[in-house]
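# Chains, contacts and geometry: an overview
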Amino acid sequence: ILIKSSVFWFGAGWRTRRRVGCQASWLAGALAGWLRGEAAGQGSRRGAADGGLSLVVALRTTLQRLDAKAEADGVPADPEALQRELLPLAEALELWLEKQELEDAALWALVADARCRCEDPVTALRIYDRMLAGNPNAGVLLAGRAEALIAIGGEDGLGQAMTIHR
């Protein structure tokens with residue numbers, strides 16, 4: 001699914017891991033390893049695009065699944081589950097975006113959202129600020145920035161978040 005020369009290996013590995021209860025973090029680890037190889041000059045540009053799409057889908061799906069479980073349980077998402085499942089995907093997507101030199105606000109917002117949920121609001125805030133420099137009125141970026149400021153806390157952060165929400 002990712003690169004032509006590794007379709008069978010990734011495909012077979014995915015099916016095998018799925019049978020024994022594969023988690024999204026395994027996929028993120030495999031993709032991150034592959035992306036590091038890409039950064040060293042291996043593989044094709046087409047493979048890199050496919051890898052990024054796979055990461056985006058995996059991260060969005062994991063976010064949706066964890067949100068649905070939290071809503072069904074009536075409690076906030078488990079912080080350990082967030083760290084275990086979201087962080088590897090967010091880091092892998094971040095690596096891919098940096099390698100591709102993409103400044104896609106929607107994809108970076110996805111990374112920032114996952115970072116904030118994984119109790120890393122400072123990194124999330126840096127991402128939101130960088131993306132807002134080119135998209136100062138983007139609602140999703142402003143809302144994400146406010147959430148990161150709230151998570152960081154402090155009077156200044158809360159005051160800035162309140163200003164954004166107005």
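Residues numbered from 1 in each chain as written. Predicted model: local features only at pLDDT ≥ 70, side-chain atom pairs only at ≥ 80, totals over all residues. Heavy atoms only, no water.

## Comments concerning unusual backbone geometry
The phi dihedral of Glu101 is positive, around 55°, even though this residue is not glycine. Here Glu101 is to be found in the loop between helix H4 (79–100) and helix H5 (105–117). Judged by its relative accessible area of 70%, Glu101 is exposed. (Helix = DSSP H or I, 4+ residues; strand = E, 2+ residues; numbered from the N terminus. Buried < 20%, exposed > 50% of the residue type's maximum accessible area, 1.4 Å probe, protein only.)

## Here we look at the side chain of Glu85
Mapped onto the secondary structure, Glu85 falls in helix H4. Since its relative accessible area comes to 8%, Glu85 is described here as buried. Ignoring anything within four residues of it in the chain, the contact list for Glu85 reads Thr62, Arg65 and Leu66. (Contact = heavy atoms within 4.5 Å.)

## Description of the environment of Met162
In this structure, Met162 sits in helix H8 (residues 155–165). Here Met162 falls in the exposed class, since its relative accessible area comes to 54%. Residues Met162 and Ile150, 12 residues apart in the sequence, show an inter-C-alpha distance of 9.0 Å.

## What about the state of the cysteines?
Using the criterion set out here, one finds 0 disulfides in the structure. No disulfide involves Cys116; its nearest neighbouring cysteine sulfur is the one of Cys118, lying 9.4 Å away. The exposure class assigned to Cys118 is buried, which follows from its relative accessible area of 4%. (Disulfide = S-S within 2.5 Å.)

## Some words on the packing of H5 against helix H7 (residues 139–152)
H7 packs onto H5 with a crossing angle of 20° between their chain directions and a minimal axis gap of 10 Å. Taken together, the axes of H5 and H7 lie roughly parallel to each other. For the pair H5 and H7, the sense of crossing is left-handed. Judged by residue contacts, Ala105, Ala109 and Cys116 of H5 engage Leu141, Glu147, Ala148 and Ala151 from H7. (Axes fitted to C-alpha atoms, helices over the stretch in contact; angles between N-to-C directions. Parallel < 35°, antiparallel > 145°, perpendicular 65-115°, else oblique. Left-handed = near helix turned anticlockwise from the far one by under 90°.)

## Digging into H5
Helix length check: H5 (13 residues) gives 18 Å between terminal C-alpha atoms against 18 Å at 1.5 Å per residue, within 8%. Of all 13 residues that make up H5, 10 are buried, and the element is covered over most of its length. Those residues of H5 that sit buried are Ala105, Leu107, Trp108, Ala109, Leu110, Val111, Ala112, Ala114, Arg115 and Cys116. One side-chain oxygen at the N-terminal end of H5 lies 3.0 Å from the backbone nitrogen of Ala106; it belongs to Asp104. Just past H5, the residue Glu119 takes up positive phi, approximately 60°. (Expected span 1.5 Å × (residues − 1). Polar contact = N/O pair within 3.5 Å; in protein donor to acceptor, adjacent residues only side chain to side chain.)

## Description of the packing of aromatic side chains
Under the definition given, this model contains 0 aromatic pairs. Over the aromatic face of Trp108 sits the side chain of Arg130, whose NZ or CZ is 4.3 Å from the ring centroid. (Phe/Tyr/Trp six-rings, centres within 6.5 Å; stacked < 30°, edge-to-face > 60°. Lys NZ or Arg CZ within 6 Å of the ring centre and 35° of its normal.)

## Considerations on the confidence of the model for the protein chain
Residues with a pLDDT of 70 or more make up 69% of the protein chain, whose mean pLDDT is 76. Here residues 1–26 is modelled with pLDDT under 50, and outside its nearest four sequence neighbours on either side it reaches 24 contacts, counting other chains as well. Confidence over residues 34–47 falls short of pLDDT 50; this stretch has 20 contacts with residues more than four positions distant or in other chains. (pLDDT = per-residue confidence, 0-100.)

## Quick notes on the pattern of salt bridges
Enumeration according to the criterion identifies 9 salt bridges in this entry. Between Glu94 and Arg115 there is a salt bridge whose closest N-O contact spans 2.8 Å. Of this pair, Glu94 sits in helix H4 while Arg115 sits in helix H5, and the two are 21 residues apart along the sequence. Among the salt bridges present, the one from Arg145 reaches Asp129, with a minimum N-O distance of 2.4 Å. Of this pair, Arg145 sits in helix H7 while Asp129 sits in helix H6 (residues 121–134), and the two are 16 residues apart along the sequence. Given the relative accessible area of 33%, Asp129 is considered partly exposed. (Salt bridge = Lys/Arg side-chain N within 4 Å of Asp/Glu carboxyl O.)

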